[in-house]
Amino acid sequence: MEPVRTCVGCRARTTRSSLLRVVARDLVPTGTVLVVDETASLPGRGAWLHPSSECFQTAVTRRAFGRALRVEGSLDTSTLENRLNGTVNP
């Protein structure tokens, strides 16, 4: 049986394979950035999210990433947003 996780956007519980795991990474010049953890093996706390723009926007509005990852201050979500929208960061 596959593990079940909760989406930080819509709060729905679903199997781990249908969600993206994101982690916060401190990058000195840009601050704290959300990074997609493709293999679900990066160290640190992770947050799980449906790979949809709707869940992403809900999570940003609710400030769910900061709470789930226990990060104080602002998070740069542009990398994750670009990935979900299918655009490439220049």
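That block above? That's the structure.
Being a predicted model, the structure only gives us computed values, none of them experimental. (Residues numbered from 1 in each chain as written. Predicted model: local features only at pLDDT ≥ 70, side-chain atom pairs only at ≥ 80, totals over all residues. Heavy atoms only, no water.)

Caption draft 1: Layout of the overall build of the protein. The helix and strand inventory of the protein stands at three helices and five strands. In the protein, the succession of helices and strands from N to C terminus is β-β-β-β-β-α-α-α. Here the protein has a C-alpha radius of gyration of 12 Å; the compact-globule value for 90 residues is 12 Å, and the two agree. Projecting the C-alpha coordinates of the protein onto the three principal axes gives extents of approximately 40 × 25 × 25 Å. In the protein, the share of contacts with a sequence separation of at least 24, taken over all contacts with a separation of at least 6, comes to 55%. Accessible surface, the protein as shown: approximately 5,700 Å² in total, 52% of it carbon and sulfur. (Helix = DSSP H or I, 4+ residues; strand = E, 2+ residues; numbered from the N terminus. Rg over C-alpha atoms; globule rule 2.2 N^0.38 Å. Contact = heavy atoms within 4.5 Å. Areas by Shrake-Rupley, 256 points an atom, 1.4 Å probe, with all protein chains shown as cover.)

Caption draft 2: Up close: the packing of aromatic side chains. One pass over the full model with this rule turns up one aromatic pair. Judged by centre distance (6.2 Å) and plane angle (45°), the rings of Phe 56 and Phe 65 are tilted. For the pair Phe 56 and Phe 65, a shared accessibility class is recorded, and that class is buried. (Phe/Tyr/Trp six-rings, centres within 6.5 Å; stacked < 30°, edge-to-face > 60°. Buried < 20%, exposed > 50% of the residue type's maximum accessible area, 1.4 Å probe, protein only.)

Caption draft 3: Representation of the layout of surface pockets. Here the largest pocket defines a volume of roughly 180 Å³. Every residue lining the largest pocket is listed: Ala 59, Val 60, Arg 63, Ala 64, Phe 65, Gly 66, Val 71, Gly 73, Ser 74, Leu 75 and Thr 77. Secondary structure elements with two or more residues in the lining of the largest pocket: helix H1 (53–62) and helix H2 (64–69). Sort the elements by how many residues they give to the lining of the largest pocket and H2 lands first, with three residues. Its residues assigned to classes, the lining of the largest pocket comprises six nonpolar, four polar and one charged. (1 Å grid on protein atoms, 1.4 Å probe; cavity = no way out; pocket = protein on both sides within 12 Å on 5 of 7 lines; lining within 4 Å. Points joined across faces, edges and corners; volume = space filled by probe spheres on them. Nonpolar A, V, L, I, M, F, W, Y, C, P; charged D, E, K, R; others polar.)

Caption draft 4: Structural view of the nonpolar core. One finds Val 8, Ala 47, Leu 49, Phe 65 and Leu 80 to be the most contacted residues of the largest nonpolar core, which totals 21 residues. Ranked by residue count, the leading element in this core is H2, at four residues. Excluding its chain neighbours within four sequence positions, the residues that come into contact with Val 8 are Ala 47, Trp 48, Leu 49, Ala 59, Arg 62, Ala 64, Phe 65 and Ala 68. (Core = buried A, V, L, I, M, F, W, Y, C linked by side-chain atoms within 4.5 Å.)

Caption draft 5: Representation of the sheet that holds strand E4 (residues 31–36) in the model. Strand order in the open sheet formed by three strands is E4-E3-E5, and the pairing between neighbours is antiparallel. Only two strands of the sheet have a single neighbouring strand rather than two, namely E4 and strand E5 (47–49). Strand-to-strand twist across the sheet, computed as the mean angle between neighbouring axes with direction ignored, equals 40°. Note that strand E3 (residues 20–27) and E4 share six bridges and pair antiparallel. Bridge pairing links Arg 25 to Val 33 in E4. (Pairing = 2+ DSSP bridges. Axes fitted to C-alpha atoms, helices over the stretch in contact; angles between N-to-C directions.)

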